[in-house]
Amino acid sequence: MASTEHARSYEQLEYDTPLYRTAIAQFDQAVPYAQVDDGIAERLRHPERSIIVACPIKLDDGRRVVLPGYRVQHSSVLGPTKGGVRFDPEVTLGECAALAVWMTWKCALLRLPYGGAKGGVRCEPRAMSRGELERLTRRFTSELLPFIGPQEDIPAPDMATNEQTMAWMMDTYSMQRGHAVPEIVTGKPIAVGGSVFRHEATGAGVVMIVARACERMGWKLAEQRCVVQGFGNVGGIAAQELVDRGATVVAVSDVSGGVYDPDGLDIPTLSAFAIEHGSLEAWQTGTRITNEELLELECDILVLAAREDQVRADNASRLNCRLVAEGANGPTSLEADEILRERGIPILPDILTNAGGVTVSYFEWVQDLGRLFWGRDEIRAKLAEKLNDAFDRVWEISHERGIPMRTAALVGGIRDVSSALEARGLYP
Ligand code: GLU
């Protein structure tokens, strides 16, 4: 068979979806700058393992439903695979595969000894009771038992999953093993081996990267007007951290829409309200706007912390900011990347900007394995050190090569993964 025939045999695989193609197109843009052997680049275009499971659960009214669950493990060359688990109606194998690919570059860029994974269950978490969510989490974990482990694949929270979800996963896994295995997941409650500062890490990391970028660009963060899309664990914390550093947050939004006040929002009050009511839907004060309007508000820094595919060809030309910071994974489409580049609006890319979460996940795993726990200040300082180091490498590659920061971040990640693959060689 000719090699082109081999290549064709990969098309139309189950994960071959628009988001996966975006991840691969970004990879292809970076490969020429990363000096990767063709065979190695081809290997990295395909996840090592893609798992689909069926999760039957009993609903509170006695009915049974079967929900599809997924886990994609992209690369185990540098260590166990690592990545979140999301509960969302839009979860597909292709989405998990794209997110797993991004996790590989993210972990490598941060120099964490992991490859990328991502998983989830296609469901409507907001319509589910706590009991239903617990039964789903436990059944999903049971279905994945042969494929996960502290040295194989370590799940963590992602959209609509949290510390409680991780505690149920840890318990389900530990009951099978007959002893507590805290290192099977990260993002757990502190009571069961979680790390201090993991909860805040992604949002705080976003602002550490924004602050470093401002420093390099000669901007004063305290003078910036910011808009934050997404008010969950990433956007909510990022908004608070921005305010703590003196910046003004003029708008935030969640699935129910946005709140805008040109004089600046009271973030602690809004956060307390969102936690108490589950969303901002019933919030009455200030001007209510849609998520689309929020993206087009005039501001200095736009933080995208909701979900993928928010800035696209149809709205990128209407963005009215000077800098985009990606707190979510994949919020900017390929076409939008190009439009923003032409407009001279730099993007702080997801695999750098939201890497605070997985970095403190790594600290959590190390603490669990060593059964020795560190303090908040130590973790915050270690996180800042890692993020600043990664930012500086990306900034340097970007300026040396004259390429956008996204491509530069990918080059940083891809180079490390491919040299490990090269050194290990092909088995058997
Ligand atoms: N889900 C988060 C991410 O996309 C965190 C993953 C982790 O901590 O392993 O980076």
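This structure is a prediction, so every number in the text was calculated from the model and none was measured.

Peer 1: I tried to follow the site of the ligand on my own but got confused; where do I start?
Peer 2: Lining the immediate environment of the ligand, one finds 14 residues, of which K82, K106, K118, D158 and S361 sit closest. Within the side chain of K82, an N or O atom sits 2.8 Å from an oxygen atom of the ligand. A distance of 3.1 Å separates an oxygen atom of the ligand from a polar atom in the side chain of R198. Relative to its unbound accessible area of 290 Å², the ligand is 95% covered by the protein chains. At the level of secondary structure, the elements contributing two or more residues to the shell around the ligand comprise strand 3 (81-88), helix 4 (93-109), strand 5 (153-157) and helix 13 (356-370).

Peer 1: Just checking my understanding: could you explain the sheet that holds strand 11 (residues 323-326) for this structure?
Peer 2: The strand order 9-8-7-6-10-11-12 describes an open sheet built from seven strands, whose pairing is mixed. The sheet terminates laterally at strand 9 (287-289) and strand 12 (347-348), the two strands that pair on one side only. Alignment of strand 6 (residues 225-229) against strand 10 (residues 301-304), held across four bridges, turns out to be parallel. Within strand 10, the residue paired with V228 across the bridge is V303.

Peer 1: When you look at the nonpolar core in this model, what are you seeing that I'm missing?
Peer 2: Here is a general trend for soluble globular proteins: nonpolar side chains tend to be buried in one another's company. Core analysis: the largest hydrophobic core is formed by 96 residues, its most contacted members being W105, L221, L242, V252, L270, I301 and L348. Counting residues per element, this core draws most heavily on helix 4, at 13 residues. Beyond its immediate chain neighbours, meaning those up to four positions away, V252 contacts V228, F231, A239, G257, G258, V259, L265, I267, L270, L280 and L294. Counting 25 residues, the second largest nonpolar core, distinct from the first, contains M170, V181, I184 and V185.

Peer 1: Explanation requested: the pattern of salt bridges in the structure shown.
Peer 2: Opposite charge on two side chains lets them pair, provided their charged atoms get close. One pass over the structure, following the stated rule, counts 35 salt bridges. Ionic pairing is found between D153 and R71, a salt bridge with its closest N-O pair at 2.7 Å. Of this pair, D153 sits in strand 5 while R71 is found in strand 2 (residues 64-73), placing the two residues 82 residues apart along the sequence. This pair shows no difference in class: D153 is buried, exactly as R71 is. Residues R216 and D392 are paired through a salt bridge, measuring 3.3 Å at the closest nitrogen-oxygen approach. On the criterion of sequence distance, the pair formed by R216 in helix 7 (residues 198-217) and D392 in helix 14 (residues 376-401) is long-range, its members being 176 residues apart. Assessed through its relative accessible area of 19%, D392 is described here as buried. In this structure, a network of salt bridges that share partners links the residues R86, D88, E90, E95, K118, D158, R307 and E308.

Reading the values: rules and limits
Residues numbered from 1 in each chain as written. Predicted model: local features only at pLDDT ≥ 70, side-chain atom pairs only at ≥ 80, totals over all residues. Heavy atoms only, no water. Near = heavy atom within 4 Å. Polar contact = N/O pair within 3.5 Å; in protein donor to acceptor, adjacent residues only side chain to side chain. Areas by Shrake-Rupley, 256 points an atom, 1.4 Å probe, with all protein chains shown as cover. Helix = DSSP H or I, 4+ residues; strand = E, 2+ residues; numbered from the N terminus. Pairing = 2+ DSSP bridges. Core = buried A, V, L, I, M, F, W, Y, C linked by side-chain atoms within 4.5 Å. Buried < 20%, exposed > 50% of the residue type's maximum accessible area, 1.4 Å probe, protein only. Contact = heavy atoms within 4.5 Å. Salt bridge = Lys/Arg side-chain N within 4 Å of Asp/Glu carboxyl O.

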